[in-house]
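Close look at the chain arrangement
Chain residues, written in single-letter form:
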Amino acid sequence: MKKKPYLLMALTMVSMGMNAQNSGNSSLEKGIEEFTKTMTIGGTIRSKYEYQTEEGEGRFEVRTARINVIGNVTPQVSYKAEIDLCDEGKIKMLDAYTRIKPWKTLQLTIGQERVPFTIDAHRSPHQQYFANRSFIAKQVGNVRDVGAEIGYTWNVGFPIVVNAGIFNGSGLTNQKDYWTKGVNYSAKAQFLFPNVNLVLSTQKIKPSDVTVTMYDGGITFHKGGFIAEAEYLYKHYSKNAFHDVHAFDVFVCYDIPVANPKSLIRKVSPLARYDFMSDHSDGTRYGGSDTELGALKINDYKRHRVTGGVTLSLAKPFISDIRINYEKYFYRKGGIAKVSEKDKIVVEFMTMF
């Protein structure tokens, strides 16, 4: 008889525990549900066929296979993580950062990202106009790094957007045991006039014992279906380690909407580009002995390139495009062309989801 009160108490405690657990699970599930409502999974696939006209050789290539997750933890705190499963055949972690916006005009970012510099190098693959990037975007001004960035927007009759940050200089894969007494910096200002965007930026990196400083300026005109852009980049090496590098890029594009709503093709965009770069070094010393540093070598020889073609948009612009380009290269005397940088026809399918 005396066991009955204890049994009753035990059953009561078990019942209370189960109710509490169910309540906790309910709160957890609710929290997960609210979190996933703000989360978006997306990515970009770029597959292409290239035919080198002089060699008579062709190839298929998956150039980009990006997957990203973006979202908000709170209205003021957002995040992004992006990985490329096939960046020239390699898996690379690209973006991984948290962004805080205390108020509408201010944002703070910490993590790994493409640093704020240039116009064309800052475009994601789905935002590119041509199948292959300009020399500025691919060789001269292409930098991703780990660090912290601040962004601020003013409105003085037109928006002015300024982004500036400090970064390790370790790149994407050399973070764990990388310690430095100095930092790299990058800053970019955008003046968004009606129909015209003016962009000025600067960057300092230190790939070895040589400090490399870059200055970039560009202007974009966009009215109706017509787009024109010009960009110039100047690159200086300390200690007279390498001669100054100059790179230039200009293109025009005209969008022609297709009137038939049942047509597979929504828009046709003829476009043309000219770009140039002088002999270029990435700033890394190669060779040498245990006691002496090697010299900077030419990674990319001076060349001009003319690109023409057409983009067929199967959906809204930069969502699903077929890019058909022909590239003609002109190397300086004695310049050595890389295996994949010769005259060629390119047909690329790009899909962003």
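Residues numbered from 1 in each chain as written. Predicted model: local features only at pLDDT ≥ 70, side-chain atom pairs only at ≥ 80, totals over all residues. Heavy atoms only, no water.

As recorded in an unreviewed UniProt entry, the chain goes by Phosphate-selective porin O and P and comes from Segatella copri DSM 18205.

**Re the overall build of the chain**
Within the chain, the regular secondary structure consists of two helices and 17 strands. Out of the 353 residues in the chain, the part that is buried amounts to 39%. Relative to all contacts within the chain whose residues are 6 or more apart in sequence, the contacts with residues 24 or more apart total 53%. For the chain, the exposed surface amounts to about 19,600 Å²; the carbon and sulfur share of it is 63%. (Helix = DSSP H or I, 4+ residues; strand = E, 2+ residues; numbered from the N terminus. Buried < 20%, exposed > 50% of the residue type's maximum accessible area, 1.4 Å probe, protein only. Contact = heavy atoms within 4.5 Å. Areas by Shrake-Rupley, 256 points an atom, 1.4 Å probe, with all protein chains shown as cover.)

**Here we look at the pattern of salt bridges**
All chains considered together, the criterion is met by 27 salt bridges. The residue Arg66 makes a salt bridge to Asp84 at a minimum N-O spacing of 3.5 Å. Taken together, the positions of Arg66 in strand E2 (residues 57–74) and Asp84 in strand E3 (residues 77–87) put the pair 18 residues apart, joining distant regions of the chain. Just as Arg66 is buried, Asp84 falls in that class too. (Salt bridge = Lys/Arg side-chain N within 4 Å of Asp/Glu carboxyl O.)

**Things to note about the nonpolar core**
Counting 20 residues, the largest nonpolar core has Val210, Val212, Met214, Leu233, Tyr237, Ala247 and Leu296 as its most contacted members. Elements that contribute at least two residues to this core include exactly helix H2 (135–140), strand E10 (212–223), strand E11 (226–237) and strand E12 (245–254). Among all residues touching Ala247, those that are not within four sequence positions of it are Ile136, Val140, Glu231, Tyr232, Leu233, Phe276 and Met277. (Core = buried A, V, L, I, M, F, W, Y, C linked by side-chain atoms within 4.5 Å.)

**A few points about the confidence of the model for the chain**
Regions with low pLDDT should not have their predicted coordinates read in detail. Considering every residue of the chain, the mean pLDDT works out to 89; 87% of them sit at 70 or more. The model gives residues 1–14 a pLDDT under 50, and that stretch makes zero contacts with residues more than four places away or in other chains. (pLDDT = per-residue confidence, 0-100.)

**Quick look at the environment of Ile67**
Structurally, the position occupied by Ile67 is in strand E2. Sequence separation between Ile67 and Gly43 is 24 residues, and the spatial gap between their C-alpha atoms is 4.3 Å. For Ile67, the residues in contact, after removing those within four places along its chain, are Gly42, Gly43, Ala81, Glu82, Ile83, Leu85 and Phe353.

**Re the side chain of Ser281**
Tracing the chain through its elements places Ser281 in the loop between strand E14 (267–277) and strand E15 (303–313). With sequence-adjacent residues up to four places away left out, Ser281 is seen in contact with Lys235, Tyr237, Phe242, Leu296, Lys297 and Asn299.

**Points about a nonpolar patch on the surface**
Residues Met39, Ile41, Ile45, Ile67, Leu85, Ile91 and Phe353 make up a contiguous nonpolar surface patch of roughly 620 Å² in combined accessible area. Residue classification places Ile67 among the partly exposed residues on the basis of a relative accessible area of 31%. (Patch = residues over 30% accessible without salt bridge, like charges linked within 9 Å, V, L, I, M, F, W, Y side chains within 5 Å.)

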